[in-house]
Amino acid sequence: MAASPNLFNYIDYRKWLSDISEHLKANTRYFSHRWFAQAAGIGNPSFFSQVVAGKRNLTPAMTERFAKVLELSEKETAFFRHLVQFDQAATSTQKQEHFAVLRDMAGSVKQTRLEPDAWDFYRHWWIPALRELASQRGRLPDWSDLAEQLRPSITARQAKAGIETLQDLGLIEKGDDGIWRQTNKALTSGEEVRALAIRNHNTEMARLGMEAIERFAPESRHVSGITVGLSRAGFQMLSAEIQAFKERVVRLVDRDEGPGEVFQFNVQLFPLSERKAAR
């Protein structure tokens, strides 16, 4: 019999339900969505397939029924609950809370990896900043000095943990000459995890941008904006221009040489009014 799909390797509970369903259909005589509905006390025989398709959600009570009929262990049931809550969370903060639990639980299971790269890199604003700072400085001072070079400063423990995270992800390395350098390793993660990580990162950077107005003198920062009226086509065109500009910024930075500082460059475009359909 083929090995059962490992629940701890999933971040999408609907995908796991789809895979475990196919596994049970192929390896047991009895399993079907109709049998499952009867075993779980569900009047709708199509409920399982509707959940898999994203047409129905699982309530807490229904989550427990699914776990019982699928004969999940106590730890698998706890993991399954958080998978469901992660998928159905109403806010980014709730998603982050459930994902953090999933990561911790998956890390305690031998040979299980829950695609951590993007999450670990973007989880705290100072980790991308430390990557830039480490490569600029070359030789790192002690952790306290490194921590105090960031604005706002962080703790020595955070600086040490951040550098270790970057090393573990393969994003920086220390050469035989003692010089720290960036690598070109790409981050990997499923689309939902990457989106959550980047959303968390952007939220933190937007907050730092707001604080920068008071933290730095005008000659040390650039904060500006314009309020405009745009059609949907105009919005799409401006979004494309912003993306092209970001790519030009990257090329400019790549050509920049010599010592400097680490900057955060934010670009924001968001609605201030509700779009109503034309009459």
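Along every chain, residues carry numbers that run from 1 in the direction the sequence is written. Only residues with pLDDT of 70 or above have their local features reported here, since the model is predicted, and side-chain atom pairs are shown and tallied only from 80 upward, although totals for entire chains, interfaces and linings are computed over all residues. Values reported for side chains reflect all heavy atoms of the structure, with hydrogen atoms and water molecules removed beforehand.

As a further point, take the confidence of the model for the protein. Low-confidence regions, as indicated by low pLDDT, have predicted coordinates that should not be scrutinised in detail. pLDDT: the predictor's confidence for each residue, scored from 0 to 100. Averaged over the protein, the pLDDT score is 85; the fraction of residues at 70 or greater is 91%. The criterion used for residue contact is that any of the two residues' heavy atoms lie within 4.5 Å. Contacts from residues 110-114, a stretch scored under 50 in pLDDT, to residues over four places away or in other chains number 14 contacts.

Let us look at the packing of aromatic side chains. Each aromatic pair joins two rings of Phe, Tyr and Trp (for Trp, the six-membered one) with centres within 6.5 Å, and gets the label stacked for planes under 30 degrees apart, edge-to-face for over 60, and tilted for any other angle. This structure, assessed with the given rule, holds 15 aromatic pairs. Ring centres of Tyr30 and Trp35 lie 4.8 Å apart, and the angle between their planes is 55°; this geometry places the pair in the tilted category. Classification of Trp35 by relative accessible area gives partly exposed; the value is 29%. Ring geometry for Phe48 versus Phe66: centroids 5.6 Å apart, planes at 15°, classification stacked. With Phe48 in helix H3 (residues 47-52) and Phe66 in helix H4 (residues 60-69), the pair connects residues that are 18 residues apart, well separated along the chain. Exposure remark for Phe48: the relative accessible area of 2% places this residue in the buried category. Among the residues examined, Phe66 registers a relative accessible area of 0% and is labelled buried. Taken together, the ring pairs connect Tyr30, Phe31, Trp35, Phe36, Phe47, Phe48 and Phe66 into an aromatic cluster. Here the term buried applies to any residue with accessible area under 20% of the maximum for its type, exposed to any over 50%, and partly exposed to those in between, with areas from a 1.4 Å probe on protein chains only. In this text, helices come from DSSP runs of H or I with a minimum length of four residues, and strands from runs of E with a minimum of two, each type numbered from the N-terminal end.

By definition here, a salt bridge exists when the distance from a side-chain nitrogen of Lys or Arg to a carboxyl oxygen of Asp or Glu is within 4 Å. For the structure on display, the rule yields eight salt bridges. Glu64 is the salt-bridge partner of Arg81, the closest N and O atoms lying 2.6 Å from each other. With Arg81 in helix H5 (residues 74-88) and Glu64 in helix H4, this residue pair connects regions lying 17 residues apart in the sequence. Residues Glu164 and Lys160 are paired through a salt bridge, measuring 2.5 Å at the closest nitrogen-oxygen approach. With Glu164 and Lys160 both in helix H10 (residues 156-168) and four residues apart, this pair spans about one turn of that helix. Put simply, Arg207, Glu211 and Arg215 are held in one network by salt bridges that share partners.

The tendency in soluble globular proteins is for nonpolar side chains to be buried side by side. Formed by 60 residues in total, the largest nonpolar core has its most connected members in Trp16, Leu17, Phe36, Leu58, Phe66 and Phe80. Non-local contacts of Phe36, meaning those with residues more than four positions away in its chain, are made with Phe31, Ile42, Phe48, Phe66, Val69 and Leu70. Residues enter a nonpolar core if they are buried and are Ala, Val, Leu, Ile, Met, Phe, Trp, Tyr or Cys, with the set joined through side-chain atoms within 4.5 Å.

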